[in-house]
Amino acid sequence: MNFHPMAETSFPVQQIRRDFPILDQMINGYPLAYLDNAASSQKPLAVISAIDHCYRHDYANVHRGIHALSERSTAAFEAARHKVQTFINAASEKEIIFVRGTTEAINLVAQSYARPLLQPGDEIIITAMEHHSNIVPWQLVCEQTGAKLKVVAINEVGELDMEQMISCLNDRSRLLALTHISNVLGTINPIVDIITLAHKHGIAVLVDGAQAVPHLTLDVQALDCDFYAFSGHKMYGPSGIGILYGKRELLEDMPPYHGGGQMIQTVSFEKSTYAELPHKFEAGTPHIAGAIGLGAAIDYLNEIGMQFIAAHEDRLLDYASEALAEIKGLRITGQAKAKSSIVSFVIDGIHPHDIATVLDQLGIAVRAGHHCAMPLIKYLGVIATTRASFALYNTTDEIDRLVQGLEKAKALLA
Ligand SMILES: *Cc1c(COP(=O)(O)O)cnc(C)c1O
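Rules and cut-offs
- Residues numbered from 1 in each chain as written.
- Predicted model: local features only at pLDDT ≥ 70, side-chain atom pairs only at ≥ 80, totals over all residues.
- Heavy atoms only, no water.
- Pairing = 2+ DSSP bridges.
- Helix = DSSP H or I, 4+ residues; strand = E, 2+ residues; numbered from the N terminus.
- Axes fitted to C-alpha atoms, helices over the stretch in contact; angles between N-to-C directions.
- Contact = heavy atoms within 4.5 Å.
- Near = heavy atom within 4 Å.
- Polar contact = N/O pair within 3.5 Å; in protein donor to acceptor, adjacent residues only side chain to side chain.
- Areas by Shrake-Rupley, 256 points an atom, 1.4 Å probe, with all protein chains shown as cover.
- Nonpolar A, V, L, I, M, F, W, Y, C, P; charged D, E, K, R; others polar.
- Domains from an automatic or database assignment.
- Buried area = accessible area lost by both parts, 1.4 Å probe.
- Salt bridge = Lys/Arg side-chain N within 4 Å of Asp/Glu carboxyl O.
- Patch = residues over 30% accessible without salt bridge, like charges linked within 9 Å, V, L, I, M, F, W, Y side chains within 5 Å.
- Lys, Arg positive; Asp, Glu negative; His and termini not counted.
- Charge placed at Lys NZ, Arg CZ, Asp CG, Glu CD.
- Buried < 20%, exposed > 50% of the residue type's maximum accessible area, 1.4 Å probe, protein only.

**Q** Would you explain the sheet that holds strand S16 (residues 367-369) in this entry?
**A** Each strand in a sheet pairs with another by means of backbone hydrogen bonds, the pair being arranged parallel or else antiparallel. Spatially, S13-S14-S17-S16 is the arrangement adopted by the 4 strands of the open sheet, whose pairing is antiparallel. Two strands in the sheet have a free side with no partner beyond their single neighbour: strand S13 (330-333) and S16. Each adjacent strand pair in this sheet contributes to an overall mean axis angle of 30 degrees, direction not counted. In the packing of helix H11 (residues 306-325) onto the sheet, contacts are made with S13 and strand S14 (342-347), and the angle to S14 comes to roughly 10 degrees. Most of the contacts of helix H12 (residues 352-361) go to S16, to which it runs at about 160 degrees, and overall it touches S14, S16 and strand S17 (385-389).

**Q** Any chance you could explain the site of the ligand here in plain terms?
**A** What surrounds the ligand is the set Thr102, Thr103, His131, Ser133, Thr179, Asn183, Asp208, Ala210, Gln211, Ser231, His233 and Lys234. Thr102 is positioned such that a nitrogen or oxygen atom in its backbone is 3.4 Å from an oxygen atom of the ligand. One of the side-chain N or O atoms of Ser231 is found 2.6 Å from an oxygen atom in the ligand. Contact with the protein chains hides 86% of the accessible area of the ligand, taken as 380 Å² for the molecule alone. A class-by-class count of the residues in the shell around the ligand yields 1 nonpolar, 9 polar and 2 charged.

**Q** Explanation requested: the sheet that holds strand S8 (residues 204-208) in the structure shown.
**A** Read from one edge of the open sheet, 7 strands run S4-S10-S9-S8-S7-S5-S6, paired in mixed fashion. Looking at strand neighbours, the two that pair on one side only are strand S4 (96-99) and strand S6 (148-152), the edges of this open sheet. Ignoring which end each strand starts from, the neighbouring axes of this sheet average 20 degrees apart. Bridging between strand S9 (residues 227-231) and strand S10 (residues 242-246) involves 5 bridges; their strand directions are antiparallel. Residue pairing across strands places Ser231 opposite Gly242, the latter belonging to S10. Packing against the sheet, helix H4 (residues 102-117) makes contact with S4, strand S5 (123-127), strand S7 (173-179), S8, S9 and S10, and its axis sits at approximately 155 degrees to S9.

**Q** In this structure, what is going on with the domain arrangement of the chain? I would like to understand it.
**A** You'll often see interface size given as the accessible area lost when the parts meet. The assigned domain composition of the chain is domain 1 (5-31 + 305-413) and domain 2 (49-302). Computed from C-alpha atoms alone, the centre-to-centre distance between domain 1 and domain 2 is 28 Å. Between domain 1 and domain 2, the residue contacts involve 35 residues of the former and 30 residues of the latter. Summing both partners gives a buried area of about 2500 Å² for domain 1 against domain 2, and 60% of it is carried by carbon and sulfur. Three residues, Met306, Leu376 and Tyr379, lead the burial of domain 1 against domain 2; their summed loss comes to 25% of the area buried on that side. On inspection of domain 1 and its partner domain 2, the count reaches 1 salt bridge. Glu159 serves as the salt-bridge partner of Lys337, at 3.8 Å between the closest nitrogen and oxygen.

**Q** Is there a simple way to explain a negative patch on the surface in this structure?
**A** Side chains of Asp314, Asp318, Glu322 and Glu326 sit close together on the surface and give a patch of like negative charge. Here Asp314 lies in helix H11.

**Q** What's the story with the side chain of Glu123 in this structure? I'm lost.
**A** Relative to the elements of secondary structure, Glu123 occurs in strand S5. A polar atom in the side chain of Glu123 sits 3.3 Å from the side chain of Lys150. Glu123 has contacts with Lys148, Lys150, Cys168, Asn170, Arg172, Ser173, Arg174 and Leu175, leaving out every residue within four places of it along the chain.

**Q** Just checking my understanding: could you explain the pairing of S4 for this structure?
**A** For a regular strand, the rule is simple: side chains alternate between the two faces of the sheet. Of the two faces of S4, the one lined by Ile96 and Phe98 and the one lined by Ile97 and Val99 are each fully buried. Looking at chain direction, S4 and S10 are connected through 4 bridges and run antiparallel. Following the sheet pairing, Val99 is matched in S10 by Gly242.

**Q** Got a minute to help me understand the pairing of S17 in this structure?
**A** Across the 5 residues of S17, 5 count as buried, placing the element largely inside the fold. Side-chain alternation along S17 places Thr385, Arg387 and Ser389 on one buried face and Thr386 and Ala388 on a second face that is also buried. Relative to S17, S14 runs antiparallel, the two sharing 4 bridges. Across the sheet, Val343 pairs through a bridge with Ala388, a residue of S17. Pairing of S16 with S17 involves 3 bridges; the strand directions are antiparallel. The residue of S17 that forms the bridge with Arg367 is Arg387.

Right under this line is the structure:
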């Protein structure tokens, strides 16, 4: 597939759909409409082939062998790191750490950056819209150190309360950890302003980018974030591989997170010394094919162009928001001005799980539940929501089917 810059309205979605073999199937007698992309997105042939090619032709362990396959595997693995670096515009490959996903990246920062720094009474700041992955690692490190967790509230449309954010930052604050895009509300947080603000107080910022990387053009140097975490599987790459970006001077000072092979320089029973970045944080055999698959996903996204993907997904969001607003008794939870292609909603008198079950009968995959954000769901005053989330291969026809399915659910259940 080879794209050329195109007019916005000519986004070749049908051509793109053919790159995703899984989309071409019937579910319960209907064509699959996959609208659960915020949980995980599907994989293009380019990614599937890259993984297949790795195992068929080049596979061996990386960094250790002096033989052809190991050299090829190592080159492909390190090429993937370079692709990630370029994709997010990091200053150096040393700042790109391969991890299992967003969750592991945040745990790494909690244990290797925050834990040695925190004193009893120090504060970690998060927000009311965080995924469990960006709550629990901080609770653990607070228990370990006597530090406290502070939570910045959101307003009724699902935007951060910036006044409260400002009043939260003080000389006991050690780290601000917040999501770039909420996986429940779709809110895009003004992280440039927030990072600038935190840095004025000398506070480091970790950004949870799990939802942002597949949707926005990212430049970690322009953002000036200290850490940025994301997962391969939400950006059309494999599961089990993800990235922690960290500023080099911070990573250099941090102790290793896991100990083992690959992350050492020398080992003796008295003392071991650690490898250079990024290997210091990559103990053990990594997910080699996963990293290569992630590199292929990045090539695929670059070929289409992130700006065209964002524009397409924004159009889907507008279309869906308008269409859903027409449904009586439906309330969209999350109406921030800046939103990505995620729509959560509740319908009077119908449990979100029942909505999702009716939609599945019609071949439409959505998610219902707490979306790994139980504190946020409680905050919204609901028991759960139904969430439709759109990716580059979704169409307005699928949104029409979603709307018809919701009318059917209402007729059956309300
Ligand atoms: C999915 C998600 C995570 C967790 O990602 P994993 O791949 O499960 O580690 C964290 N934060 C947000 C905002 C997410 O959407």
